[in-house]
Amino acid sequence: MTRQIALLANPTAGRGDADRILDAVTERLTVSGASVEHLIGDDAEHALELARKAVADGVDTVATLGGDGMVHVAVQALAGSEVSLGVVPLGTGNDFARALGIPTGDPLAATDVVVRHQTRRVDLGRARRAGTGSVPASDTWFATVLAAGFDAAVNERANAMRWPHGDLRYTLAALAVIRGWKPVPYRLEIEDASGEVTVREQPAMLLAVANTESYGGGMRIAADADPADGLLDAILIKPVSRLEFLRVFPGVRQAKHLTHPAFERIHARRITATAPDVVAYSDGERLGPLPLDVECVPGALRVLV
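First things first, this report covers the structure right here in the doc. Since the structure is predicted, the reported quantities are computational estimates derived from the model, not experimental observations.

What counts, and where the lines are drawn
Residues numbered from 1 in each chain as written. Predicted model: local features only at pLDDT ≥ 70, side-chain atom pairs only at ≥ 80, totals over all residues. Heavy atoms only, no water. Core = buried A, V, L, I, M, F, W, Y, C linked by side-chain atoms within 4.5 Å. Buried < 20%, exposed > 50% of the residue type's maximum accessible area, 1.4 Å probe, protein only. Contact = heavy atoms within 4.5 Å. Pairing = 2+ DSSP bridges. Helix = DSSP H or I, 4+ residues; strand = E, 2+ residues; numbered from the N terminus. Axes fitted to C-alpha atoms, helices over the stretch in contact; angles between N-to-C directions. Patch = residues over 30% accessible without salt bridge, like charges linked within 9 Å, V, L, I, M, F, W, Y side chains within 5 Å. Areas by Shrake-Rupley, 256 points an atom, 1.4 Å probe, with all protein chains shown as cover. Salt bridge = Lys/Arg side-chain N within 4 Å of Asp/Glu carboxyl O. Lys, Arg positive; Asp, Glu negative; His and termini not counted. Charge placed at Lys NZ, Arg CZ, Asp CG, Glu CD.

Of all hydrophobic cores here, the largest spans 56 residues; its most connected members are Leu146, Phe150, Ile221, Phe245, Leu290 and Val294. Apart from residues no more than four positions distant in its own chain, Ile221 is found in contact with Val145, Leu206, Ala208, Glu213, Tyr215, Ile235, Val252, His257 and Phe263.

What follows is the structure in structure tokens.
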């Protein structure tokens, strides 16, 4: 039978080269004998609607052409299904692809991974917000890292800035946020691998709940995290001075923070995080304010590697 592939594309990815790369990727898939349908949404909500329809229509694979934001859209539709995710990285982050050894600098090499159709089951994180009043409870899946501290505040600040673009915007946002940043008083309810639940009141500069090791284009906040171990890695950087935090945080890219006394890693099946005035991000996308109940769902995603 002809393989059915839905290609979920971000037309703004690839620094203006998305159309050209879309044509080349489509040709490579078609030459392999697959039938390819393009899914190009007007926005993330529309893209998710298209992906869900493709899954309901019985495609074999949904392949993303874009960055971690497109992966985030796709996993909302694919989590718990038998439809495979293919990843053709074309964004600036590409942390999910990097975690699975998918080529990040060569779209056609990544397309060949889709063509070969070698599957692997990996875990996903699921963040649940309790319903309040007329607002129902909601679930959001994530593939990489949920950030709920200084890192998320920087993302929130950067998203509100119209200038400059690129990495400089995040640098300026970080400098603006750190000036007034104080340790966050987290309340954490943690269920470990054995099912034992503990409650901690823990102030920290940063809380990240990780399925894979990195976010932000290679910042290895949870270095060596295993996306198929049935557990999430909750990372805390406990209170330090602002100056010390500015010294430590850039070293996350090389995982230098792992040896700092303020660093703590907690393996958890589930973690409920509560803190005032903290907005969380997952896969680089705005999730909303705490509290959130975050759990690992083992083997929730079938991915091509």
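Sheet strands line up and pair through hydrogen bonds in the backbone, either parallel or antiparallel. Across the sheet, which stays open at both edges, the six strands sit in the order S12-S11-S10-S7-S14-S15 with antiparallel pairing between neighbours. Unpaired on one side and paired on the other, strand S12 (263-268) and strand S15 (285-289) mark the two borders of the sheet. Across the sheet, the mean angle from the axis of one strand to that of its neighbour is 20°, orientation sign disregarded. When strand S11 (residues 232-237) meets S12, the two strands line up antiparallel, connected through six bridges. By the bridge assignment for S12, Leu236 is matched with Glu264. Sheet contacts for helix H6 (residues 150-159): strand S7 (145-147), strand S10 (206-210), strand S14 (279-282) and S15; angle to S14, the most-contacted strand, approximately 90°.

Turning next to a negative patch on the surface. A contiguous patch of negative charge, built from Asp42, Asp43, Glu45 and Glu49, is present on the exposed surface. Looking at the element boundaries, Asp43 is found in the loop between strand S2 (35-39) and helix H2 (44-56). Take Asp43: its relative accessible area is 45%, and that puts it in the partly exposed class.

Residues of H6 that are buried: Phe150, Asp151, Ala152, Val154, Asn155 and Ala158. Against the buried residues of H6 lie S7, helix H7 (167-178), S10, helix H8 (242-248) and S14.

Attention now moves to unusual backbone geometry. That bond from Trp163 to Pro164 is cis: its omega, -5°, falls within 30 degrees of zero. Relative to the helices and strands, Pro164 is located in the loop between H6 and H7. A cis amide bond, omega 15°, links Leu290 with the succeeding residue Pro291. Relative to the elements of secondary structure, Pro291 occurs in the loop between S15 and strand S16 (292-304). Phi is positive for Asp224, close to 75°, though the residue is something other than glycine. Locating Asp224 in the fold gives a position in the loop between S10 and S11. Even without being glycine, Asp277 reaches a positive phi, approximately 60°.

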